[in-house]
Every structure is written in C-alpha cells, then in structure tokens.
Amino acid sequence: MAAGYLEILRARHAARLLTGTLVGRLPNGTAHIAIVLFTRAEGGSYTLAGVLAAAYGLATAVGQPLLGRAVDLYGQPRVQLPAAVVSALGMTLLAVTGLSSLPLAYLAVIIAGVATPPLEGGLRALWPSVLKGEGQVHRAYALDAVAQEIMFTVGPLLVTLLVSLWSPAAALLVINAIGVLGALSVVLSEPSRTWRSAPREAHWLGALRSPGLLALLGAFFFVGLALGSITVAGVAYADDHGRESVYGWLMAALGLGALIGGLGYGARQWAGPPEKRLRVIVGLLALGYLPLTLTPSVPVMTALAALAGVFLAPAIACSFIVVDRHAPRGTVTEAFSWLVTTFGVGAAAGTAVAGPAVELGSTAWSFAVAGAGGVAALAVLLATGNVLAPPSRTPAVVTGSENDRNGAVEPGFSSGHKA
C-alpha cells in the first residue's frame, strides 16, 4: 500500500500539485463550518447560519461547472488564480462587515461561492500528464480522496483553533489567505501552465449530456446533503454539551474515519465494474450515518462519527472512476466540477434543512437528515442501474490523454484487452 502511494508522490510535480490543491481547497472545505461559527458568534440563529451556508453552497454549485468549462476552454492559470482571489475577497467582505447588513452578508458569501476555483477537477485533469499508466492515475484518485480526508480532519480543527485563539472573523481571513497561496502554487507549476483540454464536441449541455453522469450526480446530491446536515447537527450537539471544542472533535473524527477507509480502499486491487461496487459502498455509508441519531455521550458519539466516515473516501474515490468512464471526451474539468457542484447543492440543502430541524425538533432530528440522505443516495443508484451501467467497451486509457468515457478503469479491473 505505502509503496504504491510513495511511487506516485515521487513522480515529478505530483506532491506539489496534490499539496497545492488541498491547500487551495481549504477555504471551500471549511466554509460551511466557518460560516456557521461566524454567524453564531455574531448573534445569528441556527436558521440564519444554515441559510448563509446554504447560499454559499448554492453559489459554489453555480460557479464550479462554469469555471470548470472555462478551464477546459482557456487553461488553468487564466481561471484558477483570479477566481481564488475574488473568492477570498468575498469572505473578507463577510468578516469585515459581519451581520450588520444581511443583504451585504448574503452578497459576500455568494461572491465567495461563485468564484471558488475548480481545483479538484483541475487536479484530476492533470494526473494523466504527470503519472505513468492507468494504474498510477487511478491509484492517484484514491490518494486524492484520502488526502481530502486529511484536509477534512485538519480543517475543522484549524478553524476551531483560530476561533478559540483569535476570532471567527480571523478564521475566515486566515483560511482564505492560505487558499490563495495554494492556488498560486498550482497554477505556477509546469503541468498546470502547459495543460490543454482534449478536443470536445460542441454541445450546450457539455458533460451533462451523459445519462450515466447525471445518475451519479443525482446520487451524490444526497451524499452532500448528509454531510451538510452533519455540519449544523454537530454544532447543535456541541452546544448541548456546553463545549465548542466538541464540534471540532466530531468533525475531525468523521474525517479520520474517512481517512482510514480511504487508505484501506486504495491498498488493494479491485476487480469488477466500479459502478456496481459504488452501490455497495454507498449502502454501507448510509448504514454508518443512522446511529448518529442516538446522540450518546461525547466519547461514544466521537467513535460513531469516525465509524460514519469510514466509507466516505472509498465512495468518493470510486465516484472519480465512474465520472471518468461516463463523461464525454473533452469535458474532464467540467465533469469533475459538476461532481463538486452536486456536493455543494446537496450540502447547501442539508444545512438549510438541519437548522430548522434543530430548532423545531432536536439535535437528533438534524442527524436524522444525514441518515435520510444516505438512504436516498443508495435509492438513486439502485433506481438508475440501467443508465449507470458499465460501458460496453473498456479499452485502456492512453497515458497523457484527458478522459475517455469507455477507457477509465481502476487498477485490477480487467478490460479484456492486452497491450
């Protein structure tokens, strides 16, 4: 396991691109947490915190595919860095003005969300030009998912640390300044500067003309809903127990569980179509969310949060392969950006629903939203089995190519073709 990951990280530019992307995504990965804590500190209600976070998520959902298509058309440096700067300025506006003017607060989070750079999709577009062979490329997808969980583990702790040592406003400013530096590191790298999208068929729907991709996005909307609801539910649980630090530990435990699950998933060679495997993984993910509704003592709840996260990274890693197999050629950044968008819309819906669930019901009700989201994601995958079927042909990926709807296979997936 370790040898395979180290081989990827030793490849020229790989460690820099992975690290820069993770750092650049820190503002987006922690935005919902930072917005909720900032709003509560400013005297806002759970509902307002949820709605502001939802507005950010929806704005991100609008911006990601548009910026992703712009990257496919114009290259990474001309889009990623300016977007990162504008997004940081939006959050700076929120930190400076606070909630004194709600229209201005909404404008600030919308600017920050719309301008969030599509660094995730950009990184996955760069892997074939940096690594050798399909095995390394798809192992990098697993490493990518694992590395994200490190960010989701460290990010909440960093935000809560900045809040406790300084203030929620300072947390917003510092996190977004760090994000701009990460984006700068990526766009100054040689692979980012020289990357160009593969030729694409002109079509107004772009990547969305693939029925399989639409089915996948529908399922991962509900995965995003589950994660978004946990953001608000975790804050309510921490308030119930009188300690703000409890929230950071719950979110860190969730990320740690995903980290462990991702490492285990990437450690072995998987046989068979990833579309079928994804259904099993999402089913286990849904099963892990349900016990959170019990809201037991802090130590037990922390353990349940870690257990709930175990299948998150495997689900994400497997979804990367499915995107690669079903997205039309020439739409790689846009297709992955739509996956980010799906998470954003789902997370926004989750935060919007979980806030009122706390105030009208209880903390347990808000965690029930997460369980319902996981079950709904599985239902979508089962209901769309026909359109989300394995492609009929699976020739090998050509190293250095962008994406091929029939060509992406995971290590260990036999295509039936020999070199």
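Please read all numbers here as calculations on a predicted model, not as lab measurements.

**Quick look at helix 17 (residues 363-383)**
Now for step 1: Between its first and last C-alpha, helix 17 extends 31 Å over 21 residues, near the 30 Å set by a 1.5 Å rise per residue.
Now for step 2: Those residues of helix 17 lying buried are Thr 363, Ser 366, Phe 367, Val 369, Ala 370, Gly 371, Gly 373, Gly 374, Ala 376, Ala 377, Val 380 and Leu 381.
Now for step 3: Its buried side turned inward, helix 17 meets helix 11 (211-240), helix 13 (274-289), helix 14 (298-309) and helix 16 (332-360).

**Points about a nonpolar patch on the surface**
Now for step 1: Side chains of Val 280, Leu 284, Leu 287, Leu 290 and Val 375 sit close together on the surface and give an oily, nonpolar patch of about 430 Å² of accessible area.
Now for step 2: Looking at which element gives the most residues to the nonpolar patch, the answer is helix 13, with three residues.
Now for step 3: Here Val 280 lies in helix 13.
Now for step 4: Its relative accessible area of 53% is what places Val 280 among the exposed residues.

**What to know about the side chain of Ser 337**
Now for step 1: Its place among the elements puts Ser 337 in helix 16.
Now for step 2: The exposure class assigned to Ser 337 is buried, which follows from its relative accessible area of 0%.
Now for step 3: Beyond its immediate stretch of four places on either side in the chain, Ser 337 contacts Gln 64, Pro 65, Gly 68 and Pro 118.

**Thoughts on the environment of Ala 327**
Now for step 1: Structurally, Ala 327 is set in the loop between helix 15 (312-326) and helix 16.
Now for step 2: Here Ala 327 falls in the buried class, since its relative accessible area comes to 1%.
Now for step 3: Along the backbone, Ala 327 and Ala 207 are 120 residues apart, and their C-alpha atoms lie at a distance of 5.7 Å.

**Observations regarding the environment of Val 96**
Now for step 1: The residue Val 96 is located in helix 5 (residues 77-97) in this model.
Now for step 2: Of the residues examined, Val 96 reaches a relative accessible area of 64% and is grouped as exposed.
Now for step 3: With 76 residues separating them along the chain, Val 96 and Leu 172 place their C-alpha atoms 9.9 Å apart.

**Overview of the environment of Leu 93**
Now for step 1: Relative to the elements of secondary structure, Leu 93 occurs in helix 5.
Now for step 2: Linking Leu 93 and Ile 111, residues 18 residues apart in sequence, is a C-alpha distance of 9.5 Å.
Now for step 3: When sequence neighbours within four positions are dropped, the list of residues in contact with Leu 93 reads Gly 98, Leu 104 and Ala 108.

**Let's talk about the confidence of the model for the chain**
Now for step 1: In this model, the chain carries a mean pLDDT of 83, and residues with pLDDT of at least 70 account for 89%.
Now for step 2: Low pLDDT, under 50, characterises residues 393-419; the predicted model gives this stretch 73 contacts beyond four residues in sequence or across chains.

**Remarks on the packing of aromatic side chains**
Now for step 1: Under the definition given, this model contains four aromatic pairs.
Now for step 2: Measuring from centroid to centroid gives 6.1 Å for Phe 320 and Phe 336, while their planes differ by 85 degrees, and the two rings are edge-to-face. Highlighted residues: Phe 320 in helix 15 and Phe 336 in helix 16, separated in sequence by 16 residues. Neither Phe 320 nor Phe 336 differs from the other in exposure class; each is buried.
Now for step 3: Here the guanidinium or amino end of Arg 124 rests over the ring plane of Phe 320, the centre of that ring lying 3.7 Å away.
Now for step 4: A cation over an aromatic ring shows up here: Arg 124 above the ring of Phe 336, its NZ or CZ 5.4 Å from the ring centre.

**Brief notes about unusual backbone geometry**
Now for step 1: Here the phi dihedral of His 13 falls at roughly 80 degrees; this positive angle occurs in a residue that is not glycine.
Now for step 2: Of note, His 13 is situated in the loop between helix 1 (2-10) and helix 2 (14-24).
Now for step 3: Of note in the backbone geometry, Thr 295 takes a positive phi value of approximately 40 degrees without being a glycine.
Now for step 4: Examined against the element boundaries, Thr 295 turns out to sit in the loop between helix 13 and helix 14.

**Remarks on the side chain of Thr 160**
Now for step 1: Take Thr 160: it is sitting in helix 8 (residues 133-165).
Now for step 2: The exposure class of Thr 160 is buried, given its relative accessible area of 13%.
Now for step 3: Within the structure, Thr 160 has its side chain in polar contact with the backbone oxygen of Leu 157 (distance 3.0 Å).

**Some words on helix 4 (residues 46-74)**
Now for step 1: In this model, helix 4 (29 residues) spans 41 Å end to end at C-alpha, consistent with the 42 Å of a helix rising 1.5 Å per residue.
Now for step 2: For helix 4, the buried fraction is high: 21 of the 29 residues fall into the buried class.

**Some words on the packing of helix 7 (residues 119-130) against helix 16**
Now for step 1: Taken N-terminus to C-terminus, the directions of helix 7 and helix 16 make an angle of 140 degrees; their axes are 8 Å apart at the nearest point. When the axis of helix 7 is compared with that of helix 16, the two are oblique. Taken as a pair, helix 7 and helix 16 cross one another with a handedness that is right-handed. Residues Glu 120, Gly 121, Gly 122, Arg 124 and Ala 125 of helix 7 lie in contact with helix 16, whose contacting residues are Val 332, Thr 333, Phe 336 and Val 340.
Now for step 2: In terms of residue class, the contact of helix 7 with helix 16 is built from four nonpolar, three polar and two charged.

**Here we look at the packing of helix 11 against helix 12 (residues 245-266)**
Now for step 1: It is the contact of helix 11 with helix 12, at a shortest axis distance of 8 Å, that shows an interaxial angle of 145 degrees. Crossing of helix 11 against helix 12: the hand is right-handed. For the pair helix 11 and helix 12, contact is made by Leu 227, Ile 230, Thr 231, Gly 234, Val 235, Tyr 237 and Ala 238 and by Val 246, Tyr 247, Leu 250, Met 251 and Leu 254, respectively.
Now for step 2: Of the residues belonging to the contact of helix 11 with helix 12, the class tally is ten nonpolar, two polar and no charged.

**Side note on the nonpolar core**
If you look at soluble globular proteins, the nonpolar side chains tend to sit buried side by side.
Now for step 1: Counting residues in each nonpolar core, the largest one holds 120 residues, and the members touching the most others are Trp 127 and Phe 220.
Now for step 2: It is helix 11 that contributes the most residues to this core, 15 residues altogether.
Now for step 3: In contact with Trp 127, other than residues within four places in its own chain, are Ala 14, Leu 18, Val 137, Ala 140, Tyr 141 and Asp 144.

What counts as what
- The written sequence of each chain sets the order in which its residues are numbered from 1.
- Note on the predicted model: pLDDT of at least 70 is required for a residue's local features to be given, and 80 or more for side-chain atom pairs to be given and counted; whole-chain, interface and lining totals, by contrast, use all residues.
- As a convention, hydrogens and water are excluded, and side-chain values are obtained from all of the structure's heavy atoms.
- Comment: elements are numbered from the N terminus, with helices defined as DSSP H or I runs of at least four residues and strands as E runs of at least two.
- In this analysis, the expected span of each helix is defined as 1.5 Å times one less than the number of residues it contains.
- To sort residues, take the accessible area from a 1.4 Å probe on protein chains only and compare it with the maximum for the residue type: under 20% means buried, over 50% means exposed, and anything in between is partly exposed.
- Note on contacts: a residue pair qualifies if any of its non-hydrogen atoms lie within 4.5 Å across the two residues.
- Only residues whose relative accessible area exceeds 30% and that form no salt bridge enter a patch; like-charged residues are grouped when within 9 Å of one another, and nonpolar side chains (Val, Leu, Ile, Met, Phe, Trp, Tyr) when within 5 Å.
- What sets the accessible areas is the Shrake-Rupley method with a 1.4 Å probe; for residues, cover comes only from the shown protein chains.
- Only one rule defines a salt bridge in this text: a Lys or Arg side-chain nitrogen within 4 Å of an Asp or Glu carboxyl oxygen.
- Every residue gets a pLDDT, meaning the predictor's confidence in that residue, from 0 to 100.
- Note on aromatic pairs: the rings of Phe, Tyr and Trp (six-membered ring only in Trp) are paired at centre separations within 6.5 Å, and the planes decide the class, stacked below 30 degrees, edge-to-face beyond 60, tilted for the rest.
- Whether a charge sits over a ring depends on NZ of Lys or CZ of Arg being within 6 Å of the ring centre and within 35 degrees of the ring normal.
- The definition of a polar contact used here is a pair of N or O atoms within 3.5 Å, where within protein one atom must be able to donate a hydrogen and the other to accept one, and adjacent residues in sequence count solely through side-chain atom pairs.
- Here the axes come from fitting lines to C-alpha atoms, over the contacting stretch only for helices, and the angles between their N-to-C directions go from 0 to 180 degrees.
- Oblique is the label for every angle not falling under 35 degrees (roughly parallel), over 145 degrees (roughly antiparallel), or within 65 to 115 degrees (roughly perpendicular).
- In this scheme the crossing of two helices becomes right-handed for a clockwise turn of the near helix relative to the far one and left-handed for an anticlockwise turn of less than a right angle.
- Residue type decides the class: Asp, Glu, Lys and Arg count as charged, Ala, Val, Leu, Ile, Met, Phe, Trp, Tyr, Cys and Pro as nonpolar, and the leftover types, Gly among them, as polar.
- Here, nonpolar core means buried Ala, Val, Leu, Ile, Met, Phe, Trp, Tyr and Cys residues that are tied together by side-chain atoms lying within 4.5 Å of each other.

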